[in-house]
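The lines below spell out each chain.
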Amino acid sequence: QVQLVESGGGLVQPGGSLRLSCAASGFTFSSYPMSWYRQAPGKERELVARITSAGGSTNYAESVKGRFTISRDNAKNTIYLEMNSLKPEDTAVYYCNVNRLRTYWGQGTQVTVSS
């Protein structure tokens, strides 16, 4: 069965950096686009970044452009989200996502940006 396991979250000061990982299994990873979403308390889940199956094209939410970078390693069945210049408004639970017949989510990893 499809499994997505996020890791790498934590507490970081404003201006700091974090790298999130999402390990995937149970499907042909290299055939599917992958995405990162986030959900802050009291807000709806929003798309942060998306990457095509081969990694040749990426898209970002306006709020993270120039600060976040999505990438993937198809040999390791893993996607990454490099987050730089973090702001308090980036505080959220971050989820990876794949659409394969239906939508699958990981359990999420908490990112807290605070001094």
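### Description of the state of the cysteines
Here is the idea: a disulfide is a covalent bond, and it sits between the sulfur atoms of two cysteines.
Argument step 1. Summed over all chains, the structure comprises 1 disulfide.
Argument step 2. Paired by a disulfide, Cys22 and Cys96 hold their sulfur atoms 1.9 Å apart. Between Cys22 and Cys96 the sulfur-sulfur dihedral comes to about 50°; the bridge is accordingly right-handed. Of this pair, Cys22 sits in strand S3 (residues 18-25) while Cys96 sits in strand S9 (residues 92-100); the two residues are 74 residues apart in sequence, bridging distant segments of the chain.

### Observations regarding the pattern of salt bridges
Argument step 1. Within this structure, the stated rule accounts for 5 salt bridges.
Argument step 2. Each of Arg38, Glu46, Arg67 and Asp90 takes part in a single network of salt bridges with overlapping partners.

### Structural notes on unusual backbone geometry
Argument step 1. If you check the backbone angles, Asn77 has positive phi at about 50° while not being a glycine.
Argument step 2. In this fold, Asn77 is placed in the loop between strand S7 (68-73) and strand S8 (78-83).
Argument step 3. With a phi angle near 70°, Leu101 is a residue other than glycine that sits in the positive phi range.
Argument step 4. With respect to the helices and strands, Leu101 occurs in the loop between S9 and strand S10 (102-105).

### Some remarks on the nonpolar core
Soluble globular proteins tend to bury their nonpolar side chains together.
Argument step 1. Ranked by internal contacts, the top residues of the largest apolar core, which has 30 residues, are Leu4, Trp36, Leu81, Met83 and Tyr94.
Argument step 2. Looking at this core, the elements with two or more residues in it are S3, strand S4 (34-39), strand S5 (46-51), S7, S8, S9 and strand S11 (109-113).
Argument step 3. Ignoring anything within four residues of it in the chain, the contact list for Tyr94 reads Glu6, Leu20, Trp36, Tyr37, Arg38, Val48, Phe68, Leu81, Met83, Gly108, Thr109 and Val111.

### Regarding the environment of Leu81
Argument step 1. In this fold, Leu81 is placed in strand S8.
Argument step 2. Looking at Leu81, the relative accessible area reads 0%, which means it is buried.
Argument step 3. Through-space distance from the C-alpha of Leu81 to that of Val2 is 20 Å; in sequence the pair is 79 residues apart.

### Here we look at the pairing of S11
Argument step 1. Side chains Thr109, Val111 and Val113 of S11 all project onto a buried face; the interleaved residues Gln110 and Thr112 project onto a face where none is buried.
Argument step 2. The pairing of strand S2 (residues 10-12) with S11 spans 3 bridges and is parallel. Bridging from a neighbouring strand, Gly10 pairs with Val111 of S11.

### A few points about the sheet that holds S3
Argument step 1. Sheet architecture is open: 4 strands sit in the order S1-S3-S8-S7, paired in antiparallel fashion. Two strands in the sheet have a free side with no partner beyond their single neighbour: strand S1 (3-7) and S7. On average, each strand axis in the sheet is inclined to that of its neighbour by 15°, with strand direction left out of account.
Argument step 2. Relative to S3, S1 runs antiparallel, the two sharing 5 bridges. Looking across to S3, one finds that Gln3 is bridged to Ser25.

What counts and what doesn't
Residues numbered from 1 in each chain as written. Predicted model: local features only at pLDDT ≥ 70, side-chain atom pairs only at ≥ 80, totals over all residues. Heavy atoms only, no water. Disulfide = S-S within 2.5 Å. Helix = DSSP H or I, 4+ residues; strand = E, 2+ residues; numbered from the N terminus. Salt bridge = Lys/Arg side-chain N within 4 Å of Asp/Glu carboxyl O. Core = buried A, V, L, I, M, F, W, Y, C linked by side-chain atoms within 4.5 Å. Buried < 20%, exposed > 50% of the residue type's maximum accessible area, 1.4 Å probe, protein only. Contact = heavy atoms within 4.5 Å. Pairing = 2+ DSSP bridges. Axes fitted to C-alpha atoms, helices over the stretch in contact; angles between N-to-C directions.

So far we have only geometry, and geometry alone does not tell us how the molecule works.
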